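Each chain is listed here by its residues.
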Amino acid sequence: MEHRPFSVAQELERLLGDPEDPEAVFSHAHCLELDEREEFPAEICRALESWGLQEYYVPAEYGGRLTDYETVMQVMRVVARRDLTVAIGHGKTYLGGVCVWVAGTEEQARRLAGDIRSGLPVSLALTERAHGSDLLAGDVVGTAADDLDGVNDIDGIDGTEDRAGNGGGWRLSGEKWLINNATRGSLLSVLTRTRPEGGPRGFTVLLVDKRTLTPGEHYRQVPKIPTHGIRGADISGIVFDGAPVPADAAVGAEGAGLETVLKALQLTRTMCASLSLGAADHALRIALDFAERRELYGRRLVDLPQARQVLAGAAADVLAGEALATVAARSVHTLTDELSVAAAATKYLLPTGTEAVIAELTRLLGARAFLKGVHARGMFQKVDRDHRIVGLFDGNTLVNLNSLVNQFRSLARGWQRGTGDTAGAAGAFDLAGGLPALRPERLTLVARRGSGIMATLPESVAALRAEATGRPELKGALGTAERLLAVAGRVHEEMDTYRAVVSDVPPAAFDLARRYCLCLAGAAALGLWAHNRRAARAGRTGGLWQDAVWLWPVLDRLLVRLGEQDGPEPDAYPRLLEQLRAAGAAGELFSLLPLRLSATAPPTGTGTTPGGAVRESTGTGTTTAAPGAVRSGATTAFAHTDTGKPPAGGDRTSEGTSC
Amino acid sequence: MLSDPAVPGLRGEAAPTGTDNAAGARPGTDPAGTDPVGGAPVGGTGAHEAQESAVQARIADLEKRFGDPDDEGNPLSAAHILTADEAGELPRAGERLLDELVFNAEYVPTALGGRLDRLDTLVRVMRQVFRRDVALGLGYGITSFMAAANVWTAGSGEQRRRLAELLLDNQKISVAYHELPHGNDFVRNEFRADPVAGGYRLRGRKEVINNADRAAAFSLFSRTDGKPGSRSHSVLFVERDRLDPERFAVLPRYEAVGVRGCRLTGLEFDDCPVAGDALVGEVGQGVELALRSFQITRSAIPGMAVGALDTSLRTVVRFALGRQLYRRSVMEIPHAAETLNGAFLDLLICDSMALVGTRAVHLLPDETSVYAAAVKYLVPKTLTDTMYDLSIVLGARFYVREGEFGLFQKHVRDLPVLSLGHAGSAACQATIIPQLSRLARRAWFSGDEAPRALFSPREGLPGLPFDRLALASGKDSLSASLVASVDGLPSGSPEELAVQALVMKLLDELRQLQEESLNLSPQDRTALASPASFALADRYAVLLAAASVLGVWRSARDDGGDPFLADPAWAAAALHRLVRRLGRRPAALPPSCEGRVHEEVLRRFHERRSYDLYDTPLAG
């Protein structure tokens, strides 16, 4: 089926070209070099900007192309699949601007839109060295500047603006640390303590324009901090020292900063899914290529039962993540006032899910997950390192689970009474339906009526039950769906036993929240299936939708992760693995909807095609040395590749023994 | 890189396509032909005490020399180790320190002039190095130890003497099994040693070999017969100086994400002649020899790596106590405290398993093949998983490569090297899988329990029986100890009752495992085994871990050993964790268990004691 988010993503993918082509600006080889040198991918970002990636960070009403969050997610997934440093380094501008879209004035939004569209990096500065995710402890202080000299000389770009609130603006002091693009960003949304005593109403978001400040006097940058992954990203800090900030820099009302940030984070947390999806896509692709080519025990790895299960299980987890992320991104528009639930579940489940997928695939890849430059140039270890940041920023695992624990009562009640917005959920499920523009004022911190997505679970199971009548091939999926429904019931009962927990959340509650997320992912998957099962059968991914081929393993994996069964049900997976391999062979993304990956030639699916094996070994940008060069001292630049170099006097061909 | 190919496929035998009786038919593996090992430790009680204090003094000396990791002036501080890692080098001060101590003596049997008499001691000593730097532990010494294990097992008197001489001269020895195209399927390795008049001619490549650029000698796993199968390879012990420099070359260095200081290179030989006396053991004995020496290295190395998690836990405890979040210390957040307690329990579980694995080499050499595989499978995996849990508590700080948590981040990158993919955990499972049905038939619920000495950390041991390690076994005294414990378990306190209830669950699990193992199809006993068989191997390893924990607790209680280890609280909490790991939902523990464990976490932090079975005083 034609689906706009995928067609836009397809356009970008096509433009970016073959990531294995070392001549391409956005190639894997280039990204790995930058990572080694810890260099910001500036050239790649410029290429993305020439396509207009930054336009997707700006809502259409302000002249950008952000019409719906599902499209942004699929576009960013394309970028993240190639390289997370780029996605995180560039995508940060969206985070920098989002507070303004949520709570800013029309004028602020228009001005910021112009800056972003012109390619200016914008950053969001929340965390501090000593406080991490504890935003209420923030020590960056904005002092009212009424009685300070000089501030009136500095009023931003447009000095003629009427000032909102207190006339004179602020003097900003203190340090923000571990901030993505703190140095590169020209503008920063800074969460600032504007009441000395702090507290929930004591913070304001100030949109600080560094161009109006004097470096060295008003602020200094904390140098780039060396990081485990995304080594090329600008993770740094900034220390303000009495920096004058005009009154009209306040985003939203004075004192409303925390609320603004928490609402904005619902959007960014949902969008983080694109990073985890892209990383999982990439890792799965590398592992599949390896399994298709690797020979062990006289078989190809992909023919060994255990390896097949690992691949198929990972494939199912990826689709489970995609289903939840898709529904969550669409629910930004259709279930805005329940986003506090979907966003937290997505931000918890997608990063941890991808981490688990990567860990599983690591076991499959063995030494090649660890060595640089042997298989896929060592990109796997980069994906692994890079992706670990996704679970840490924008509210880590515990913060998100905690946010769900805080909503247990309303979620449990909503489940019992069926009060969640099921019509909104249907709008999120039905991919053919249009999405209304986001109305940010509808964002709330607590989903008072519960979750509409979860509330549809019984009806989606009923739809599957009806469909399964007389179709034995659906029995497996139906069985898992029925079990999931029963589990969801128990989970909600258990949630109901927790009274409003403010602090001292018992560890068991975190686990319960985790199980809630898995149930929500199941509800999302079933809802997507129920609403699109006919239309989606038509496209290039129709094989996944035929006989609910994707649904059964996805639900089965969720049950395993829920601790409801010891291991996977073996019958659920063979057809999914077929689809995974077919997508790989056809150069298609493994996804619920079709997207063709850019490549100069379709990649080999079999490992026996000489062209395929050669394709991987050539074009590394670090061509392999002739045996003689190695012998004569081993000092020349040399890349170890699986396929590159036959042993001295060996009789292997590169194809026969490739990775 | 660890070149331990973990499980091999003995084509037609153990791993890949073996039938059940093939294992027993292998030369030298008939359990009936193996002499029972005398359980009586050498020497009297006084001798053991002297031995134990000598070990403690050795460890204390090593700790003192490594110094305070937080002291910037210390050339072996965490910061300096990080700098070396960034530069892709082993810390020079560390190598120098170990050279000064002639640390290689730890790998040389006492009879040959070294200090190696017990594997559990080797683990304790090496742990102090791994505590600081996994790369130093591997790159300075462990690869030499792995190479040496082959020679100690089957080398001639002259080979042993010469190897001891080299090691005691602070030389490195490389172990060269690995060929990238074959990974753990090393029975298919292609590196050739063609028999020629007077010796062999070497031809081909060995890849990702630690220290190949600087080792004085190599243990080369070489094909001496073109035919497929497990009698086609031999081990050659080759000294670098005796090779024609025109006919071999060192391959360029491999870059890796972890253990960046390790010098991973490779070797390439081009019709390079070596003398016949390079052969270790017999022609065609290579696979068997590899499998025997793996039993030693697999048992020992994971326990060394426990040191890295120990340091990491200490780092996170310090963070949790010092850091204010949401207007209180992180330690006061129940989830954080639980994670730290859990990490400590994981350390105790891993160490119990490592203890039993290493002591079994001495006490139960004919049963070691399964235990060693279980240790190598479960311990590194647990260490990696626990590091992940701890990283959640650290949050974004874990991501920073410098400063207070830089070393934690380094350990996150370094530790996975111990359980590399198909080269590691799956391969170890594949050692276990073919033995499951025989154990189910002959061993479980029927054999004799293990000697109590298996579980006693500081007790003496008989010498290392390099020649008595069997490739497969039909016995399992460790599980038998679990079964036999039931009658004598105390049931006075709530903690003791909890242990009892958990042991009952474990017995259920063993029964279920037995049933499912009996039902394995012949195909399911090979590398082509179904995922369900791999899951069985996983559960079995967890059961062995539980039996180890239980044994350690009982032994400490009966012998009046360490008061914490003698307390049922930790045993209950550790078993609870393992039973949950098996997918069961045991009843909640008495809160006192968690409290006691937490108290110990804090005590050891404040008193600078190690988070393992030994409660060792630390320099930092």
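About the thresholds
- Residues numbered from 1 in each chain as written.
- Chains lettered and ligands numbered in written order.
- Predicted model: local features only at pLDDT ≥ 70, side-chain atom pairs only at ≥ 80, totals over all residues.
- Helix = DSSP H or I, 4+ residues; strand = E, 2+ residues; numbered from the N terminus.
- Rg over C-alpha atoms; globule rule 2.2 N^0.38 Å.
- Buried ≥ 20, exposed ≤ 12 C-beta atoms within 10 Å, placed from the backbone.
- Expected span 1.5 Å × (residues − 1).
- Arc of directions from axis to C-beta.
- Contact = placed C-beta atoms within 7 Å.
- Nonpolar A, V, L, I, M, F, W, Y, C, P; charged D, E, K, R; others polar.
- Pairing = 2+ DSSP bridges.
- UniProt positions renumbered as here; feature names shortened; annotations may be inferred.
- pLDDT = per-residue confidence, 0-100.

### Observations regarding the overall build of chain B
Right, so step 1: On a plain count of helices and strands, chain B comes out with 18 helices and 11 strands.
Right, so step 2: Relative to its length of 620 residues, chain B is compact, with a C-alpha radius of gyration of 23 Å against a globular reference of 25 Å.
Right, so step 3: With respect to the three principal axes, the spread of C-alpha positions in chain B is 75 × 60 × 50 Å.
Right, so step 4: Residues classed as buried in chain B amount to 64% of the 620 residues present.

### As for helix α16 (residues 457–468) of chain A
Residue and element names in this part refer to chain A.
Right, so step 1: In this model α16 runs 16 Å from its N-terminal to its C-terminal C-alpha over 12 residues, within 8% of the 16 Å that 1.5 Å per residue would give.
Right, so step 2: Turning to α16, its buried residues are Leu457, Ser460, Val461 and Leu464. An end-on view of α16 places all buried positions within 100° of arc, on one side of the element.

### Looking at the interface of chain B and chain A
Right, so step 1: Tallying the contact residues gives 54 residues for chain B and 56 residues for chain A.
Right, so step 2: Contributions of two or more residues to the side of chain B that touches chain A are made by β3 (199–210), β6 (248–251), β7 (255–256), β8 (264–275), α9 (334–363), α12 (425–443) and α15 (531–559) of chain B.
Right, so step 3: Residue classes in the side of chain B that touches chain A are distributed as 31 nonpolar, 13 polar and 10 charged.
Right, so step 4: Pairing analysis gives two bridges linking strand β11 (residues 371–372) of chain A to β7 of chain B, with the strands arranged antiparallel. Note on β7 of chain B: the bridge partner recorded for Lys372 of chain A is Glu255 of chain B.

### Observations regarding the UniProt feature "domain: Acyl-CoA dehydrogenase/oxidase C-terminal" (unreviewed entry) in chain A
Right, so step 1: Taken from the UniProt record, the annotation "domain: Acyl-CoA dehydrogenase/oxidase C-terminal" (unreviewed entry) applies to residues 255–404 of chain A.
Right, so step 2: Strand forms 4% of residues 255–404 of chain A and helix 73%; the C-alpha atoms that close the span are 25 Å apart.

### Focus on the pairing of strand β5 (residues 233–239) of chain B
Residues and elements named next belong to chain B.
Right, so step 1: The buried fraction of β5 amounts to six of the seven residues, a majority that puts the element mostly inside the structure.
Right, so step 2: In this structure, β5 lies alongside strand β9 (residues 279–280), joined through two bridges in antiparallel fashion. What sits directly across from Leu236, in β9, is Leu279.

### A short note on unusual backbone geometry
All names here are of chain B.
Right, so step 1: Its identity is not glycine, yet Asn170 carries a phi of approximately 65°, on the positive side.
Right, so step 2: As for its placement among the helices and strands, Asn170 is situated in the loop between α7 (157–168) and β1 (173–176).
Right, so step 3: Phi is positive for Phe445, close to 65°, though the residue is something other than glycine.
Right, so step 4: With respect to the helices and strands, Phe445 occurs in the loop between α12 and α13 (477–488).
Right, so step 5: Classification of Phe445 by C-beta neighbours within 10 Å gives partly exposed; the count is 13.

### Focus: the UniProt feature "domain: Acyl-CoA oxidase/dehydrogenase middle" (unreviewed entry) in chain B
Right, so step 1: In the numbering adopted here, UniProt assigns the feature "domain: Acyl-CoA oxidase/dehydrogenase middle" (unreviewed entry) to residues 179–272 of chain B.
Right, so step 2: Annotated as 0% helix and 49% strand, the span residues 179–272 of chain B places its first and last C-alpha atoms 18 Å apart.

### Re the environment of Ile358 of chain A
Residues and elements named next belong to chain A.
Right, so step 1: Of note, Ile358 is situated in helix α10 (residues 339–365).
Right, so step 2: Residues Ile358 and Ala344, spaced 14 residues apart in sequence, show a C-alpha to C-alpha distance of 21 Å.
Right, so step 3: The residues touching Ile358, leaving out its near neighbours within four places in the chain, are Ala283, Val383, Asp384 and His387.

### Points about the confidence of the model for chain B
All names here are of chain B.
Right, so step 1: Per-residue confidence for chain B gives a mean pLDDT of 89; residues scoring 70 or more make up 91%.
Right, so step 2: Here residues 1–42 scores under 50 on pLDDT; set against residues more than four positions off or in separate chains, the count is 132 contacts.
Right, so step 3: Across the predicted assembly, pTM comes out at 0.91 and ipTM at 0.90.

### Here's the deal with helix α11 (residues 406–414) of chain B
All names here are of chain B.
Right, so step 1: Among the nine residues of α11, nine are classified as buried, and the element is accordingly described as predominantly covered.
Right, so step 2: The complete set of buried residues in α11 reads Gly406, Leu407, Phe408, Gln409, Lys410, His411, Val412, Arg413 and Asp414.
Right, so step 3: Against the buried residues of α11 lie α3 (78–86), α6 (134–154), α8 (286–322) and α10 (368–394).

### Quick notes on the environment of Gly527 of chain A
Right, so step 1: You can see Gly527 of chain A is positioned in helix α18 (residues 507–532).
Right, so step 2: Those residues in contact with Gly527 of chain A that sit more than four places away from it in its chain are Val327, Ala425, Phe429, Ile453, Thr456 and Ser460 of chain A.

### Points about the confidence of the model for chain A
Residues and elements named next belong to chain A.
Right, so step 1: On average, residues of chain A carry a pLDDT of 88, and 87% of them reach 70 or more.
Right, so step 2: Across residues 602–639 the pLDDT falls below 50, and counting only partners more than four positions away or on other chains, this stretch makes 69 contacts in the model.
Right, so step 3: Scored below 50 in pLDDT, residues 643–659 shows 41 contacts in the model against residues more than four places distant or in partner chains.

### Some remarks on the pairing of strand β3 (residues 170–180) of chain A
Residue and element names in this part refer to chain A.
Right, so step 1: The buried fraction of β3 is high, at nine of 11 residues.
Right, so step 2: In the sheet, β3 pairs with strand β7 (residues 235–245) via eight bridges, with the strands oriented antiparallel. Bridge assignment links Lys176 to a residue of β7, and that residue is Ile238.

### Focus: the environment of Gln514 of chain B
All names here are of chain B.
Right, so step 1: Examined against the element boundaries, Gln514 turns out to sit in helix α14 (residues 494–518).
Right, so step 2: Along the backbone, Gln514 and Val55 are 459 residues apart, and their C-alpha atoms lie at a distance of 40 Å.
Right, so step 3: With near-sequence residues (within four places) excluded, Gln514 lies in contact with Ala440 and Trp444.

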